[in-house]
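# Chains, contacts and geometry: an overview
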Protein chains: 2
Amino acid sequence: AAHGARKMEDYGRFLALLASALLVGFASVVISLVWVFQYRGGLSWDGSSREFNWHPILIVMGFVFIQGIAIIVYRLPWTWKCSKLLMKFIHAGLNTIAMILVIIAIVSAFDFHNASNNPNMYSLHSWIGLIAVICYCLQLFFGVAVFLLPYAPVRLRAALMPIHVYSGLTIFGTVIATCLMGITEKLIFSLSNPPYSQSPPEAILVNCLGLLLVIFGALILWMVSRPHWKRPREENAKTVRHIGATPEGTEAESTMTNSNADKSDPRSNTEAARKQNITFDEAGQRTTM
Amino acid sequence: AAHGARKMEDYGRFLALLASALLVGFASVVISLVWVFQYRGGLSWDGSSREFNWHPILIVMGFVFIQGIAIIVYRLPWTWKCSKLLMKFIHAGLNTIAMILVIIAIVSAFDFHNASNNPNMYSLHSWIGLIAVICYCLQLFFGVAVFLLPYAPVRLRAALMPIHVYSGLTIFGTVIATCLMGITEKLIFSLSNPPYSQSPPEAILVNCLGLLLVIFGALILWMVSRPHWKRPREENAKTVRHIGATPEGTEAESTMTNSNADKSDPRSNTEAARKQNITFDEAGQRTTM
């Protein structure tokens, strides 16, 4: 009974963090809309600064919020009864939606710069932002090719999963950092009377947006890096009886670690081979930092 | 022999990454010095913009480079024969040096703003930077109180270690993001003829500094999150015979995971208790994301 209570308590903690992340992410999207409609003249697609306004909205919505949800989608306990393949489609689908929104966001910025004869690609924001977008597209391409399509051998999946996880989280963090640079630039350039340094209401509002983006990133990073919140292994998933229960018989072991067990494993070769097999069975799902 | 060769190859890979991180970190410090001395009039402590110039130099040196080294100091294989306590002193000492440099850096920025009648604390850079510094000081204080001083019970150390690791890495990432905002601000404000948007040499140089800071952070994050590069458990460390060898008998298992093993452990209580003990023995050293 105490064991079950502890499980429920942990489940409650996960839900509380998920609710916080959704709230913070949703608030970020709302604040970016308020910023654009209240202070920046709303949206259009005519080369004016109102076309540029699509940029922050689509980036916050796609590159931060949707990417963040895509990162933790395997952690939602009520999806553990769904097939792994379905979850991979959802993970890849959310990231594809985000990528499309990001590309539109970039086009809106370039369009605006070109129409107003502003140079492109001079700022650190644009340099790191473009690198992040390219890495994001590559990550999505290789993710689909290796983990979603059925061609890659299990050994390759196991070897690439730690890299996929690492680069996914690094890109996500870099995207948030790039948002903060973008906010800084935009507030300096667009506020003049009073300027940014006089802290008009718009400056306070958009600083708060930046703060919320950092909090959102920190919440996602915490949720994704707790090993006991990982989706259980496939063979156990079938025994899940009700939503939110950790399946019985799941050893809480980190696969990323096991995949390196051969490097210094003192056990017999048979034992090591057994472990290796588990690692490969789980390759698509258990290898998170 | 093949086993040994694989170990050496892995050791070589670690050294290559370490050399890259040191090179990138060192280059960042050099570029910040070139920026200040070549383009911004050098250093002084008189309330002028030359006093402000201490800010980027000390932040890059202390808050990025030294903090980054402090994060991976337990990973250096030739330190595995040193006592854990000594390594904790080095980890805490490096972070203390960084904290002192950061405080001087902040004073130089405030001094400059006050002397030139510029407002303080209006920008997103200042908001997130101040939060990061406060969190960094708290992290250092609680880190010393819990993990260095001998008073905290082992159970508490085990419970707090994942939080210490998570908040340390999150602060480190946030610091780099804050640097990028600072670079963006400073280039916009200080370049006027030609402006930032015309990409004068100073803009290119300092954009490259920002890029190097991101690469440095990504390298540190990769090195610290590979479980097989962790310092081996204390009882095994004594059997290390020569620098760089992975001690025999080290099971490559993640303690952070094991510390949650009781949540869904199907094994006997005795087995679980044994694991629990290992977890607590290692509490100070093995629990990294």
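Residues numbered from 1 in each chain as written. Chains lettered and ligands numbered in written order. Predicted model: local features only at pLDDT ≥ 70, side-chain atom pairs only at ≥ 80, totals over all residues. Heavy atoms only, no water.

We apply this condition: UniProt positions are given in the numbering used here, feature names are shortened, and annotations may be inferred rather than shown by experiment.
Chain A is annotated in an unreviewed UniProt entry as Plasma membrane ascorbate-dependent reductase CYBRD1 of Zosterops hypoxanthus. Here is the UniProt Subcellular location (unreviewed entry) comment for chain A, exactly as written: "Apical cell membrane". Taken verbatim from the UniProt record of chain A, the Cofactor (unreviewed entry) comment is "heme b".

### Remarks on the pattern of salt bridges
Residues and elements named next belong to chain A. Inclusion rule: Salt bridge, as used here, is a side-chain nitrogen of Lys or Arg placed within 4 Å of a carboxyl oxygen of Asp or Glu. Helix numbering and strand numbering both begin at the N terminus, where a helix is a DSSP run of H or I of at least 4 residues and a strand a DSSP run of E of at least 2. A simple rule labels every residue: compare its accessible area, found with a 1.4 Å probe on the protein chains alone, to the largest value its type can have, and call it buried under 20%, exposed over 50%, or partly exposed in between.
Taken as a whole, this structure holds four salt bridges over all chains when the rule is applied. Here Glu202 makes a salt bridge to Arg40, at a shortest N to O gap of 2.8 Å. Taken together, the residues span a long stretch of sequence, with Glu202 in helix 7 (residues 201-225) and Arg40 in the loop between helix 1 (2-39) and helix 2 (49-52) at a distance of 162 residues. Accessibility expressed as a relative area gives 5% for Glu202, which makes it buried. Residue classification places Arg40 among the partly exposed positions, given a relative accessible area of 21%.

### So, empty space enclosed by the protein
Definition in use: A cavity here means a set of points on a 1 Å grid, drawn over the protein atoms and nothing else, where a 1.4 Å probe fits but cannot get out; a pocket is an open set with protein on both sides within 12 Å along at least five of seven lines, and a residue lines either one if it has an atom within 4 Å of a point. Grid points are joined across faces, edges and corners, and a volume is the space filled by probe spheres set on the points. Residues are grouped as follows: nonpolar covers Ala, Val, Leu, Ile, Met, Phe, Trp, Tyr, Cys and Pro; charged covers Asp, Glu, Lys and Arg; every other residue, Gly included, is treated as polar.
The tally for this structure, following the rule as stated, stands at nine cavities of 30 Å³ or more. Secondary-structure elements contributing two or more residues to the lining of the largest cavity are helix 6 (154-190) and helix 7 of chain A together with helix 6 (154-190) and helix 7 (201-225) of chain B. Of the residues belonging to the lining of the largest cavity, the class tally is 18 nonpolar, eight polar and no charged.

### As for the packing of helix 4 (residues 84-115) of chain B against helix 5 (residues 124-148) of chain B
Residue and element names in this part refer to chain B. Keep this limit in mind: Structural elements are reduced to axes, namely lines fitted to C-alpha atoms, with helices fitted over the stretch in contact, and the angle between N-to-C directions of any two is expressed from 0 to 180 degrees. By the definition adopted for this analysis, an angle is roughly parallel if under 35 degrees, roughly antiparallel if over 145, roughly perpendicular if from 65 to 115, and oblique otherwise. Should the near helix be turned counterclockwise from the far one by less than a right angle, the crossing is left-handed, whereas a clockwise turn marks it as right-handed. Note on contacts: a residue pair qualifies if any of its non-hydrogen atoms lie within 4.5 Å across the two residues.
Between helix 4 and helix 5, whose axes approach to 11 Å, the crossing angle comes to 155°. The angle between helix 4 and helix 5 falls in the class roughly antiparallel. In this structure, helix 4 meets helix 5 at a crossing whose hand is left-handed. Where helix 4 approaches helix 5, its residues Leu85, Lys88, Phe89, Ala92, Asn95, Thr96, Ala98, Met99, Val102 and Ile106 are matched on the opposing element by Val133, Tyr136, Cys137, Leu140, Val144, Phe147 and Leu148.

### A look at the packing of helix 3 (residues 54-72) of chain B against helix 4 of chain B
All names here are of chain B. Two elements in contact, helix 3 and helix 4, have axes separated by 8 Å at closest approach and are oriented at 165°. Compared by their axis directions, helix 3 and helix 4 come out roughly antiparallel. As helix 3 runs across helix 4, the sense of the crossing is left-handed. Within the contact between the two elements, helix 3 uses Trp54, His55, Leu58, Ile59, Gly62, Phe63, Ile66, Gln67, Ile69, Ala70 and Ile71 and helix 4 uses His91, Leu94, Asn95, Ile97, Ala98, Leu101, Val102, Ile104, Ala105, Ile106, Ser108 and Ala109.

### Section: the UniProt feature "transmembrane region" (unreviewed entry) in chain A
All names here are of chain A. UniProt feature "transmembrane region" (unreviewed entry): in the numbering of this structure it lies at residues 14-37, 57-77, 89-107, 127-151, 163-183 and 203-224. Spanning residues 57-77, this segment combines 76% helix with 0% strand, and its end C-alpha atoms are found 30 Å apart. Annotated as residues 163-183, this span is 100% helix and 0% strand, and its ends, taken at the C-alpha atoms, are 30 Å apart.

### Some thoughts on helix 6 of chain A
Residue and element names in this part refer to chain A. We apply this condition: Multiply 1.5 Å by the residue count of a helix minus one, and that product is the helix's expected span. At every residue, the bend is computed as the angle between two fitted axes, covering the seven residues ending there and the seven beginning there respectively.
Relative to the 54 Å expected for 37 residues at 1.5 Å per residue, helix 6 spans 52 Å between its end C-alpha atoms, a close match to the ideal helical length. Roughly 35° is the biggest bend found in helix 6, and it falls at Leu160, with proline Pro162 one to four residues downstream. Of all 37 residues in helix 6, 29 are buried; the element is thus mostly enclosed.

### Digging into the environment of Lys84(B)
Residue and element names in this part refer to chain B. Assignment of secondary structure puts Lys84 in helix 4. Classification of Lys84 by relative accessible area gives buried; the value is 7%. Taking the C-alpha atoms as reference points, Lys84 and Tyr74, 10 residues apart in sequence, are found 8.7 Å from one another.

### Points about helix 3 of chain B
Between its terminal C-alpha atoms helix 3 of chain B stretches 26 Å, which fits the 27 Å expected from 19 residues at 1.5 Å a residue. In terms of residue burial, helix 3 of chain B counts as a mostly covered element, since 17 of its 19 residues are buried.

### Quick notes on the packing of aromatic side chains
Residues and elements named next belong to chain B. Put simply, the rule reads: Two aromatic rings, drawn from Phe, Tyr or Trp (for Trp, its six-membered ring), form a pair once their centres lie within 6.5 Å of each other, and the interplanar angle then sorts them: stacked below 30 degrees, edge-to-face above 60, tilted otherwise.
Counted under the stated rule, the structure contains 16 aromatic pairs over all chains. A centroid spacing of 5.4 Å and a plane angle of 55° characterise the contact between Phe52 and Phe112, whose relative ring orientation is tilted. Placement of the pair is Phe52 in helix 2 (residues 49-52) and Phe112 in helix 4, with a sequence separation of 60 residues. Each of the two residues, Phe52 as well as Phe112, counts as buried.

### Let's talk about a nonpolar patch on the surface
All names here are of chain B. In plain terms, the rule: Patch membership requires over 30% relative accessible area and the absence of a salt bridge. Like charges are linked within 9 Å, and nonpolar side chains (Val, Leu, Ile, Met, Phe, Trp, Tyr) within 5 Å. Here the accessible surface of atoms and residues is derived via Shrake-Rupley with a 1.4 Å probe, and residues count as covered only by protein chains that are part of the display.
Residues Phe110, Met121, Leu130, Ile134, Leu138, Phe141 and Phe142 make up a contiguous nonpolar surface patch of about 640 Å² in total accessible area. No other element matches helix 5, which puts five residues into the nonpolar patch. Counting through the fold element by element, Leu138 comes out in helix 5. Residue classification places Leu138 among the partly exposed positions, given a relative accessible area of 44%.

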